[in-house]
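What follows is the residue order along each chain.
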Amino acid sequence: MIFGEFPVEGSEGLILAHSVRLPEGRLGKGHRITDADAARLQAAGVVSVIACRIEADDLAEDTAAAMLAQAIDAAHLRFSPAATGRVNIYATCNGLFTADRAVVDRFNRIDPAITFACLADHSDVRDGDMLATVKIIPLAAPRASVEAAAAVFREASPIRLKPYRAHAVSLVATELPSLKPSVMDKTARVLEQRLAASGSRLVGERRVAHRADAVAAAIGQALAEPQHAPKMVVLFGASAVADPADVLPEAIRMAGGTVEQVGLPVDPGNLLVLGHVGDVPVVGAPGCARSPKENGFDWVLNRLLAGEEPTVHDLTGMGVGGLLMEIPSRPMPREIEEEPTRPRVVAIVLAAGRASRMGEGGGHKLLAEFSGEPLVRRAARISLGSGADGVVVVTGYRAVEIRNALQGLAVDIVDNPDYASGMASSLKAGLSSPAARRADGVLVMLADMPGLDTQDLQRLVDAFGRAGGRAIVRGTAGGKRGNPVILPRTTFEAVRALEGDVGARSIVEGSGLTVIDVELGEAAHLDVDTPEAVLSAGGLLKG
């Protein structure tokens, strides 16, 4: 490939490295110049362009990206069409994502023009989550390099998605006078939530004295029950495990099983026990697993649900990355907190839609300026000031221009290649972001609501915090439902199941959760879907 500045005369066949504005439109980066384009450029007084000439031994960026993606084992994966030298890879089921670092590193060291990036090994993912991306950096790549890189992936797939398998899970919990029954009730509910993504069921709960013989008897009873699905037994002790001979590991041995490991280099989650009775895994959960926040129990449970059998080598290799977020339910937190930890909220600004009601030539509503600021930038800016712990902007239609309008703001941008299918795909794209995956709730913000301000969003976030992150919070106008809305983590699975051009209304109304309405006035109803609405709201259409 030859890159440089070329005269417009004779430029036919070149690929533009930078966009060129013309009086009647724009020629974008990556555009192949035609005879007609060259004539338009000359007529506009453009004498040279920054471009590249693809030679016989080169592959265009999209061709190269598609060729590399095709070399990956496609089981349980979906691939986007190649565009701007990129192919994104998505999950088609809930499961455990695994990555082979050696293969990925070997691929990335073939040629700096060719890159592959993916999630961390053994990530818990949902149907529709983005897992990896193939990206060609320049506008073309040497054919020999592309073929060598594709051979690496054909020899050994860099990534795999292991679908979760439904299990029949029995819970055995021990009792002591110091442990409230309400805590034990919550433990069962939280475990059911953890099992939901795999289709697993909590088929029984036994509460017994905190003695090894009582726990062993309960394990035996659970194993004796007929079940069609693979079995698993989870133990929750009323007192933490202090020794390999303590109640829970000893109970596994008394039930005829073996104990593979007592202790885990993941914090919180140190006090985990893993054993087996026959081929049935028995997990002694650490006390922190009574909380829904991520801990070492999740790491082990997800591997078991995906059909893996973690070895001692696997378990003792979890230390790097094993220092997780603090959770308030731990008996001895690393730092003494004067105030309870508030729920973590991430704002998801939906800015991917086609704005079809704007009509031909009506301009893009999200680029309309209000007080000299593009509407999408305004939405992101007030979200940043809301008290949220992060802001994710989902782009799609005219994504490059939306990105440009957001320059300088500390937001994460997630592209939704399926934006034409409707709002549900954008909600799921936002939830797939790393920031949202760590959140206790997401504030769903429509980018076309110019009446909202930072104080409105702060009131929603504060209400969510006062509810302990367990309620849905919704903006209202005159008592009538509106937007934005904050969805707690317990609704995320339902959001990921949405399809088509629908929002979260059905989830809000059918979740069974408490819904807290916050009166925001007409701002909760005002969106701008037409040129007339933009102008009426005080906006200026730009293009």
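What counts, and where the lines are drawn
- Sequence order as written defines the numbering, with residues in each chain counted from 1.
- This being a predicted model, a pLDDT of at least 70 is required before a residue's local features are given, and a value of 80 or more before pairs of side-chain atoms are given or counted; all residues contribute to the totals for chains, interfaces and linings.
- Heavy atoms from the whole structure form the basis of all side-chain values; hydrogens and water molecules are not counted.
- Each helix is a run of H or I in the DSSP string that is no shorter than four residues. Each strand is a run of E no shorter than two, and both are numbered from the N terminus.
- Contact definition: two residues touch when any of their heavy atoms are within 4.5 Å.
- Positive: Lys, Arg. Negative: Asp, Glu. His and the chain ends are not part of the count.
- For charged residues, the charge sits on one atom: NZ in Lys, CZ in Arg, CG in Asp, CD in Glu.
- Here a polar contact is recorded for every N or O atom pair within 3.5 Å, except that within protein the pair must consist of a potential hydrogen donor and a potential acceptor, and residues adjacent in sequence are included only if both atoms are side-chain atoms.
- When DSSP finds two or more bridges between two strands, those strands count as paired.
- With axes taken as lines fitted to C-alpha atoms, and helix axes fitted only over the stretch in contact, angles between N-to-C directions fall between 0 and 180 degrees.
- Under this scheme an angle from 65 to 115 degrees is roughly perpendicular, one under 35 degrees roughly parallel, and one over 145 degrees roughly antiparallel; angles in between are oblique.
- Left-handed describes a crossing in which the near helix is turned anticlockwise from the far one by less than a right angle; the clockwise case is right-handed.
- In this count, Pro and Cys sit with the nonpolar residues alongside Ala, Val, Leu, Ile, Met, Phe, Trp and Tyr, while Asp, Glu, Lys and Arg are called charged and the others, Gly among them, polar.
- Ring pairs are drawn from Phe, Tyr and Trp, using the six-membered ring of Trp, whenever the two centres fall within 6.5 Å, and their geometry is named by plane angle: stacked under 30 degrees, edge-to-face over 60, tilted for the rest.
- Each residue is placed in one exposure class: buried if its accessible area under a 1.4 Å probe, protein chains only, is under 20% of its type's maximum, exposed if it is over 50%, and partly exposed if it falls in between.

Caption draft 1: Region of interest: the overall build of the protein. Along its length, the protein carries 17 helices and 29 strands. Here the C-alpha coordinates of the protein stretch approximately 90 × 65 × 40 Å along the principal axes. Contacts spanning at least 24 positions in sequence make up 70% of the contacts within the protein whose residues lie at least 6 apart. Averaged over its 56 positive side-chain charges, the protein has a centre that lies 3 Å from the centre of its 66 negative ones.

Caption draft 2: View of the side chain of Asp298. Secondary-structure assignment places Asp298 in helix 8 (residues 296-305). Side-chain polar atoms of Asp298 contact the backbone nitrogen of Asn295, separated by 2.9 Å. Discounting chain neighbours no more than four positions away, the residues touching Asp298 are Arg194 and Lys293.

Caption draft 3: Summary view of unusual backbone geometry. Between Asp267 and the following residue, Pro268, the backbone shows a cis peptide bond with an omega angle of 5°. Within the secondary structure, Pro268 is located in the loop between strand 18 (258-262) and strand 19 (273-277). Cis geometry is found at the peptide bond from Asn483 to Pro484, where omega equals 0°. Along the chain, Pro484 turns up in strand 28 (residues 480-488). One non-glycine residue, Ser371, lies in the positive phi region at around 55°. Note that Ser371 resides in the loop between strand 22 (369-370) and strand 23 (373-374).

Caption draft 4: Highlighting the sheet that holds strand 18. Strand order in the open sheet formed by 6 strands is 16-15-17-20-19-18, with mixed pairing between adjacent strands. With one partner strand each, in any of the chains shown, strand 16 (201-209) and strand 18 form the two edges of the open sheet. When the angles between neighbouring strand axes are averaged without regard to direction, this sheet yields 20°. Pairing of strand 17 (residues 231-236) with strand 20 (residues 280-285) involves 4 bridges; the strand directions are parallel. Considered in strand 20, the bridge of Val234 is made with Val283.

Caption draft 5: The sheet that holds strand 9 (residues 95-99), seen in detail. Pairing is antiparallel in the open sheet, where 3 strands are placed in the order 11-9-14. Each having just a single partner strand, strand 11 (123-125) and strand 14 (159-163) make up the two edges of the open sheet. Direction aside, the axes of adjacent strands within the sheet are offset by 30° on average. Judged from the 3 bridges that link them, strand 9 and strand 11 form a sheet pairing that is antiparallel. The partner of Gly95 across the bridge, within strand 11, is Val125.

Caption draft 6: Spatial organisation of the packing of helix 5 (residues 181-196) against helix 8. Direction vectors running N to C along helix 5 and helix 8 enclose 45°, while the axes themselves pass 11 Å from each other. The angle between helix 5 and helix 8 falls in the class oblique. For the element pair helix 5 and helix 8, the recorded crossing hand is right-handed. On the side of helix 5, the interface is formed by Leu191, Arg194 and Leu195, while helix 8 contributes Phe297, Asp298 and Leu301. Tallied by class, residues from the contact of helix 5 with helix 8 come to 4 nonpolar, no polar and 2 charged.

Caption draft 7: Summary view of the pairing of strand 28. Here strand 26 (residues 441-446) pairs with strand 28 via 4 bridges, running antiparallel. Paired with Gly441 across the two strands is Pro488, which belongs to strand 28. The pairing of strand 27 (residues 472-477) with strand 28 spans 4 bridges and is antiparallel. Along strand 28, the bridge assignment pairs Ala477 with Lys480.

Caption draft 8: Main features of the packing of aromatic side chains. One pass over the full model with this rule turns up 5 aromatic pairs. When the centroid spacing of 6.1 Å and the interplanar angle of 70° are considered together, the rings of Phe107 and Phe116 count as edge-to-face. Taken as a pair, Phe107 and Phe116 share a single burial class, namely buried. Look at Phe116 and Phe153: their rings are 5.2 Å apart centre to centre, the planes differ by 75°, and that puts the pair in the edge-to-face class. Here Phe116 is found in strand 10 (residues 114-118), whereas its partner Phe153 is found in helix 4 (residues 143-155), with 37 residues between them in sequence. In terms of burial, Phe116 and Phe153 fall into one category: buried. Following the ring pairs from residue to residue traces out a cluster consisting of Phe107, Phe116 and Phe153.

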